[in-house]
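Letter by letter, the chains look like this.
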Amino acid sequence: MYIYLMRHGETDWNIVRRMQGRADIPLNPTGLRQARQAAGGMREIPIDHILTSPLRRARQTAQAVAAGRGVPVLVEELLQEMAFGELEGKLLKDFPEYQCIFTDPEHYLPLSGGESYAELDARCKRLLEEVLRPLEGRYHHVLLCSHGATIKGVVRRVLERPLRDFWLDPPQPNCSCTVLECRDGVFTLLEQGRRYG
């Protein structure tokens, strides 16, 4: 079974590097175009199951790829972005004491309402073991529309990386895919940042 972990299209908050987290921000015109381009580029992939984060930017992306396929878009709460609590809506440059979110995740302590890296890891473990592994044998090409930190969390768990290496790879571009394979219950990373279209 092949799994395509697609990051949502661009939002206005992405452009100014505002912390989104669980804030329900829609795609901007560029993001909508990116989603349509990715949908066109994936047309030859026989996607037979689609799951999305409940956040609007991911749902809009998933719906673009699903258009014309006859495959329902199902919401999966575990695909939500990492919650940043009181930092959501803020520009991280205005909070230098929280740069460690991306530079030193081992020492990040979330503000009220935020999610710790341990909590994100537990969520990614559940996604892999309780949601995705049981799909093997039922589906062959599964699309998941999610978010930057959540996708990185899945990659970290698959590769069994230490927390300090959470952000080791470059950021995943909007509407690109991290591709996994699940074979006999074992997950393998095949590709990161794959652009379609």
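Refer to the structure printed above.
Cut-offs applied
Residues numbered from 1 in each chain as written. Predicted model: local features only at pLDDT ≥ 70, side-chain atom pairs only at ≥ 80, totals over all residues. Heavy atoms only, no water. Helix = DSSP H or I, 4+ residues; strand = E, 2+ residues; numbered from the N terminus. Buried < 20%, exposed > 50% of the residue type's maximum accessible area, 1.4 Å probe, protein only. Contact = heavy atoms within 4.5 Å. Pairing = 2+ DSSP bridges. Phe/Tyr/Trp six-rings, centres within 6.5 Å; stacked < 30°, edge-to-face > 60°. Lys NZ or Arg CZ within 6 Å of the ring centre and 35° of its normal. Axes fitted to C-alpha atoms, helices over the stretch in contact; angles between N-to-C directions. Left-handed = near helix turned anticlockwise from the far one by under 90°. Nonpolar A, V, L, I, M, F, W, Y, C, P; charged D, E, K, R; others polar. Salt bridge = Lys/Arg side-chain N within 4 Å of Asp/Glu carboxyl O.

K.L.:
I would appreciate a short explanation of the side chain of Glu 181 in the present structure.
P.N.:
On the secondary structure map, Glu 181 appears in strand β5 (residues 176–183). When its relative accessible area of 12% is taken as the criterion, Glu 181 is described as buried. Once residues within four sequence positions are removed from consideration, Glu 181 is found in contact with Met 1, Tyr 2, Val 186, Phe 187, Thr 188 and Leu 190.

K.L.:
Which parts of the structure should I look at to understand the pairing of strand β1 (residues 2–7)?
P.N.:
Side-chain positions along a regular strand alternate between the two faces of the sheet. The buried fraction of β1 is high, at 5 of 6 residues. Where β1 meets strand β4 (residues 141–146), 6 bridges bridge the pair, whose relative direction is parallel. Looking across to β4, one finds that Ile 3 is bridged to Val 142. The pairing of β1 with β5 spans 5 bridges and is classified as antiparallel. The partner of Tyr 2 across the bridge, within β5, is Glu 181.

K.L.:
Sorry if this is basic, but what is going on with the packing of aromatic side chains here?
P.N.:
For any pair of aromatic rings, the description rests on two quantities: the centre-to-centre distance and the angle between the ring planes. On inspection of all chains with the given rule, the structure shows 5 aromatic pairs. Where Tyr 108 meets Tyr 117, the ring centres are 5.8 Å apart and the plane angle is 80 degrees; that geometry is what we call edge-to-face. Among the residues examined, Tyr 108 registers a relative accessible area of 5% and is labelled buried. The structure contains a cluster of three or more aromatic residues connected by ring pairs, namely Phe 102, Tyr 108, Tyr 117, Phe 166 and Trp 167. The ring of Trp 13 carries Arg 18 above its face, with NZ or CZ at 5.9 Å from the centroid.

K.L.:
How should the packing of helix α2 (residues 29–41) against helix α3 (residues 56–66) be read in this particular structure?
P.N.:
A pair of packed helices is captured by two measures, namely the crossing angle of their axes and the spacing between those axes. For the pair α2 and α3, the least separation of the axes is 8 Å and the interaxial angle reads 35 degrees. Classified by chirality, the crossing of α3 by α2 is right-handed. Residues Leu 32, Ala 35, Arg 36 and Ala 39 of α2 form the contact with α3, whose participating residues are Gln 60, Thr 61, Ala 64 and Val 65. Broken down by class, the residue content of the contact of α2 with α3 amounts to 5 nonpolar, 2 polar and 1 charged.

K.L.:
Mind showing me how you'd approach the pattern of salt bridges here?
P.N.:
Oppositely charged side chains are able to pair whenever their charged atoms sit close together. Going through the model one piece at a time under the given rule, you end up with 9 salt bridges. The partner of Glu 130 in a salt bridge is Arg 126, with the nearest N and O atoms 3.3 Å apart. Within this pair, Glu 130 and its partner Arg 126 are both found in helix α5 (residues 117–132), separated by 4 residues, close to a single helical turn. According to the relative accessible area criterion, Arg 126 is partly exposed, its value standing at 41%.

The quantities given are spatial measurements derived from coordinates; they are silent on function.
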